[in-house]
Amino acid sequence: MSDARTLVDTLRSLEAEALEAIAGAPDPDALERARITYLGRKDGRVSGILRGMGALAAEERPLVGQEANRVKQALEAALEAREAELAAGASAAGDRPDLTLPGRGSWRGAVHPVNQVIEEIWQIFRGMGFTRARGPEAETEWYNFVALNTPLDHPAADEQDTLYLGEGLLLRSHTSPVQVRTMERHEPPVRILAPGMVYRRDTYDATHTPAFLQIEGLVVDEGITFVDFKATLAEFARRFWGEDTRVRFRPSFFPFTEPSAEVDVKRVVTHRDGTRAESDWIEIMGAGMVDPNVLENVGYDPERFTGFAFGMGPARIAALKYGISDIRIFFENDVRFLGQFAVGRGA
Ligand code: DAH
């Protein structure tokens, strides 16, 4: 076998080896290394064989030269094809979802803690035969004050405390006008619970906000006595805070009730170590027997009908329940806070 034939055979086996390396290159870097190994100008293995041509007889050189060119072209074509393949593969991988990425959490809405407390309170009164009632947030002086036996020169009616809208309208400063609107439209017996927003000219601080929720309650019928009043509210407190809760009625004053009381509870709290202790007395609502003047203002006969009413602040009650010392947290809508009250929270 001539030297030329040997070189041609070597070129062909080199070609086979190079094609395999090119087709198997896993990434552009590996492909570039293969190009340098076989086609590199200085140390490439094909170039090395061409250099050996110098030892051949002149008539044998073209044979080897042609074969070398064919191999070079074949390898260049294979390099180009593999390069395109790798580029296409990279962009296809870019379109596919990366299953190793950490998942994105999905948000699930939750009922606001103050609304949860309202719902809990509502369920207790519903169980005692109350129905829901509501009234407008923009009220007249008549419903907000006068019909409730509160003269307009009363401090509560002062512009210092109440947000007036003009043209005889104001933002209701309590839910008590719902009592009047309900009695105007319905004959006794009346037994309602009316949660709603109220507005006052208050500073925004740890214990006050200019807009807040209240829950009004009203019971009017023949023969409603102070015993019904006390028993109903004490029963509510025990259902809400637990059987061993103590309830105290402290004399107070409201223009629309006579007598009036503030209702306090003393709860039994269980500490982390399991020991139980009584809390301090905490005021939870204003209440009283409906003043006969209010009954007269809505056209009820105060000789025949009597009743009791109460008003409480669910944000205060929620703050107590969850050990919150600054009620502004209820308004700031920080999902790290609100998320803790989600029921059946998802992942
Ligand atoms: N309206 C009162 C307030 O906003 C709360 C209140 C007290 C409501 C006594 C009543 C009641 O129905 O009988 O402070």
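Check the entry above for the structure.
Now for a description of the structure that goes with this document. (Residues numbered from 1 in each chain as written. Predicted model: local features only at pLDDT ≥ 70, side-chain atom pairs only at ≥ 80, totals over all residues. Heavy atoms only, no water.)

**Some words on the environment of D43**
Piece 1. With respect to the helices and strands, D43 occurs in the loop between α2 (28–39) and α3 (45–51).
Piece 2. Residue classification places D43 among the exposed residues on the basis of a relative accessible area of 67%.
Piece 3. Here the alpha-carbon distance between D43 and I224, two residues 181 residues apart in the chain, equals 110 Å. (Helix = DSSP H or I, 4+ residues; strand = E, 2+ residues; numbered from the N terminus. Buried < 20%, exposed > 50% of the residue type's maximum accessible area, 1.4 Å probe, protein only.)

**With respect to the sheet that holds strand β9 (residues 276–290)**
Piece 1. Overall, mixed pairing links the seven strands, which are arranged β1-β5-β6-β10-β9-β8-β7 in an open sheet. Each edge of the open sheet is held by one strand with a lone partner, namely β1 (131–132) and β7 (246–254).
Piece 2. Pairing between strand β6 (residues 211–222) and strand β10 (residues 305–312): eight bridges, direction antiparallel. Bridge pairing in β10 places D221 opposite T306. (Pairing = 2+ DSSP bridges.)

**A word on the site of the ligand**
Piece 1. Surrounding the ligand, one finds 15 residues, the nearest of these being H174, Q179, R200, Q214 and E216.
Piece 2. S176 places a polar side-chain atom, nitrogen or oxygen, 3.0 Å from a nitrogen atom of the ligand.
Piece 3. One of the backbone N or O atoms of F310 is found 3.3 Å from an oxygen atom in the ligand.
Piece 4. For the ligand, whose free accessible area comes to 360 Å², the fraction covered by protein is 89%.
Piece 5. Elements that contribute at least two residues to the shell around the ligand include exactly β6, β9 and β10.
Piece 6. Residues belonging to the shell around the ligand are distributed by class as follows: five nonpolar, eight polar and two charged. (Near = heavy atom within 4 Å. Polar contact = N/O pair within 3.5 Å; in protein donor to acceptor, adjacent residues only side chain to side chain. Areas by Shrake-Rupley, 256 points an atom, 1.4 Å probe, with all protein chains shown as cover. Nonpolar A, V, L, I, M, F, W, Y, C, P; charged D, E, K, R; others polar.)

**A word on unusual backbone geometry**
Piece 1. The omega torsion across P188 and P189 is 0°, close enough to zero to call that bond cis.
Piece 2. In this structure, P189 sits in the loop between α7 (177–185) and β5 (190–199).
Piece 3. Of note in this structure, E167 is not a glycine but carries a positive phi near 50°.
Piece 4. With a relative accessible area of 85%, E167 lands in the exposed category.
Piece 5. Phi at N333 is positive, roughly 50°, even though this residue is not glycine.
Piece 6. Among the structural elements, N333 can be located in the loop between α10 (314–322) and α11 (335–338).

**Overview of the packing of helix α1 (residues 3–23) against α2**
Piece 1. Contact geometry for α1 and α2: axes closest at 9 Å, N-to-C directions at 165°. It follows from the interaxial angle that α1 and α2 lie roughly antiparallel. Crossing angle aside, the handedness with which α1 passes α2 is left-handed. Residues L14, E17, A18, A21 and I22 of α1 touch α2, and the partners they reach there are L31, A34 and Y38.
Piece 2. Considered class by class, the residues forming the contact of α1 with α2 number seven nonpolar, no polar and one charged. (Axes fitted to C-alpha atoms, helices over the stretch in contact; angles between N-to-C directions. Parallel < 35°, antiparallel > 145°, perpendicular 65-115°, else oblique. Left-handed = near helix turned anticlockwise from the far one by under 90°. Contact = heavy atoms within 4.5 Å.)

The values reported here are purely geometric and, on their own, carry no functional implication.
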